[in-house]
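Each chain is listed here by its residues.
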Amino acid sequence: DQKTRTDFQEGKYTFNVDYTKPISEKFTLETGAQYVSNQVSNDFEVENIINGEWIADLSQTNIFEYDQKVLGVYGTGAYEKDKWGVKLGLRMENTDLSTLLKNTNEKNDQNFTNFFPTFHSSYKLTEAFSLQAGYSRRIFRPRLWDLNPFFNIRNTFAIRTGNPDLLPEYTDSYEIASIYIVGKTSFNFGIYYRYTQDVVERVSIFEDKVNTTMPMNIGTNRATGVEFNAKYTPNKKLSFNGDFNYNYFNRQGDFDGTSFDFNGDQWSTKITSKIKFPFEIDFEITGHFRSSVRTIQADVSQNLFADLGLRKKILKGRGVLN
């Protein structure tokens, strides 16, 4: 017999400012900054029953403190003519992260600065057909629960935990797309290439009959894919939106002396229908499908699900029920 207790407290504060300056009808400058402070304290305790009494297991009991501050500053310049446009941007981010296991005084401090350039361009061949190209660099920061070493102990033999030494993922993304409009229907077709470093994977280690799962940075991922999107609006009361995405990836990395290099693919699709009923009632249904995919240690099965929703305006449009 075993029980756990969690006392969780969190404070998040966001400050941002943005400024836009049209230099001329064709040229615009934008700049801004954002500061986000996120502070968490998670008091986690595991108790075992010994001789009829609940006794704290000190090896699995600790207070995890998490403090992350992110300062971002960006600037973009956009130039747009009748048929051709381009937008260049650069964002600088400084991340100051510290974690502490209070009872055992285990600390992990990280402070790093990154630059994220972006480039987007478009060319309109006709009123109904245009081409787009773009590049962006992105970051995926580990979330609180990815870093918290005391996450979820389902039972004595299955422990899911975070990794306070986890690093962010970085992705370089290249895209080329075309947009075609025919009457009430629009089509979007694109191809992309994404290169991700320090990929976050969940790794399971089985030792002494206990399976411990935690996220780790393992290697790189190169994904090449296609995406197709179509939207059809026959009238004001009905609309359909469909999306299809396929990518083939090359996964490279090693863990504990074992190579995890392999190739794989994955595809997904989504279809959304929106219907306007009488009495200002809107109905929406979205169907999702994700194919099976291989990870470094597992095969994740396919996933099919649907979301349904209703919305009703009330009080002459001053209120909404969802």
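Above: the structure in question.
Below is a summary of the structure that appears in this document. Just so it is clear, the structure is predicted and the values come from calculations on it, not from any experiment. (Residues numbered from 1 in each chain as written. Predicted model: local features only at pLDDT ≥ 70, side-chain atom pairs only at ≥ 80, totals over all residues. Heavy atoms only, no water.)

A closer look at the environment of tyrosine 170
Keep this limit in mind: Strands are runs of DSSP state E lasting at least 2 residues, helices are runs of H or I lasting at least 4, and numbering of each runs from the N terminus. Contacts were defined at the residue level, with two residues in contact if any of their heavy atoms lie within 4.5 Å. Distance and chemistry together define a polar contact, namely a pair of N or O atoms within 3.5 Å, with one atom able to donate a hydrogen and the other to accept it when in protein, and with adjacent residues in sequence counting only for side-chain atoms on both sides.
Turning to its location among the elements, tyrosine 170 is positioned in strand β10 (residues 169–182). When the C-alpha positions of tyrosine 170 and glutamate 30 are compared, they lie 25 Å apart, and in sequence the two are 140 residues distant. Dropping the residues within four chain positions of it, tyrosine 170 is found in contact with Phe112, Asn114, Phe116, Arg137, Arg138, Ile139, Tyr195, Thr196 and Gln197. In this structure the side chain of tyrosine 170 is engaged in a polar contact, spanning 3.1 Å, whose partner is the side chain of asparagine 114.

Some details on the packing of aromatic side chains
Selection criterion: Pairs were defined over the aromatic rings of Phe, Tyr and Trp, the Trp ring being its six-membered one, requiring ring centres within 6.5 Å. Orientation was assigned from the angle between planes: stacked under 30 degrees, edge-to-face over 60, tilted for the rest. Under the scheme applied here, a residue whose accessible area is under 20% of the maximum for its type counts as buried, over 50% as exposed, and between as partly exposed, the area being computed with a 1.4 Å probe on protein chains only. Working rule: Lys NZ or Arg CZ, within 6 Å of ring centre, within 35 degrees of ring normal, means a charge sits over the ring.
Applying the stated criterion across every chain, the model contains ten aromatic pairs. Summarising the aromatic geometry, the rings of tyrosine 174 and tyrosine 193 are spaced 6.2 Å apart at their centres and angled 35 degrees between planes, so their arrangement reads as tilted. Here tyrosine 174, found in strand β10, pairs with tyrosine 193, found in strand β11 (residues 185–197); they are 19 residues apart in sequence, far enough to count as distant. Taking the relative accessible area as the measure of exposure, tyrosine 174 reaches 41% and is therefore partly exposed. Tyrosine 193 gets classed as partly exposed once you look at its relative accessible area, which sits at 30%. Feature note: the residues Tyr135, Tyr174 and Tyr193 constitute an aromatic cluster, connected by ring pairs. Over the ring of tyrosine 192 we find arginine 194; its NZ or CZ atom is 4.0 Å from the centre of that ring. The side chain of arginine 294 reaches across the aromatic face of phenylalanine 262, ending 4.1 Å from its centre.

A short note on the nonpolar core
Spelled out, the test is: Residues belong to a common nonpolar core when they are buried Ala, Val, Leu, Ile, Met, Phe, Trp, Tyr or Cys residues joined through side-chain atoms within 4.5 Å.
Counting eleven residues, the largest nonpolar core consists of Val40, Phe44, Val46, Phe64, Tyr66, Leu97, Leu101, Leu144, Leu147, Phe150 and Leu166. Those elements that provide at least two residues to this core are β2 (27–50), β4 (62–80), β5 (84–101) and α1 (144–147). Sequence-distant contacts of leucine 147, that is, excluding residues within four places in its chain, are made with Phe64, Tyr66, Leu97, Pro142, Gly162, Asn163, Pro164 and Leu166.

Section: a nonpolar patch on the surface
Keep this limit in mind: Distance thresholds for patches are 9 Å for like charges and 5 Å for nonpolar side chains (Val, Leu, Ile, Met, Phe, Trp, Tyr), applied to residues having over 30% relative accessible area and no salt bridge. With residues, only the protein chains shown are counted as cover, and all accessible areas are computed by Shrake-Rupley using a 1.4 Å probe. Between Lys or Arg on one side and Asp or Glu on the other, a salt bridge is scored when a side-chain nitrogen of the former is within 4 Å of a carboxyl oxygen of the latter.
The grouping of Ile176, Tyr180, Val182, Phe187, Phe189, Ile191, Phe228, Phe244 and Trp267 at the surface amounts to a nonpolar patch, some 790 Å² of accessible area in total. Sorting the residues of the nonpolar patch by element identifies β10 and β11 as the ones contributing at least two each.

Quick word on the pairing of β2
Our working definition: Paired strands, as defined in this entry, are two strands with at least two bridges between them according to DSSP.
For strand β1 (residues 2–22) and β2, the ladder comprises 21 bridges, and the chain directions are antiparallel. Each residue of the ladder has a partner; that of glutamate 10, found in β2, is valine 40. The turn joining β1 and β2, which pair antiparallel and follow one another in sequence, is formed by four residues. Sheet topology places β2 next to strand β3 (residues 53–56); four bridges connect them, and they run antiparallel. Within β3, the residue paired with isoleucine 50 across the bridge is glutamate 53. Where β2 folds back on β3, the antiparallel hairpin that results is connected by two residues, among which asparagine 51 adopts a positive phi of roughly 55 degrees.

A short note on the environment of threonine 161
Relative to the helices and strands, threonine 161 resides in the loop between β9 (158–160) and β10. Along the chain, threonine 161 and arginine 202 lie 41 residues apart, while their C-alpha atoms are 9.8 Å from each other.

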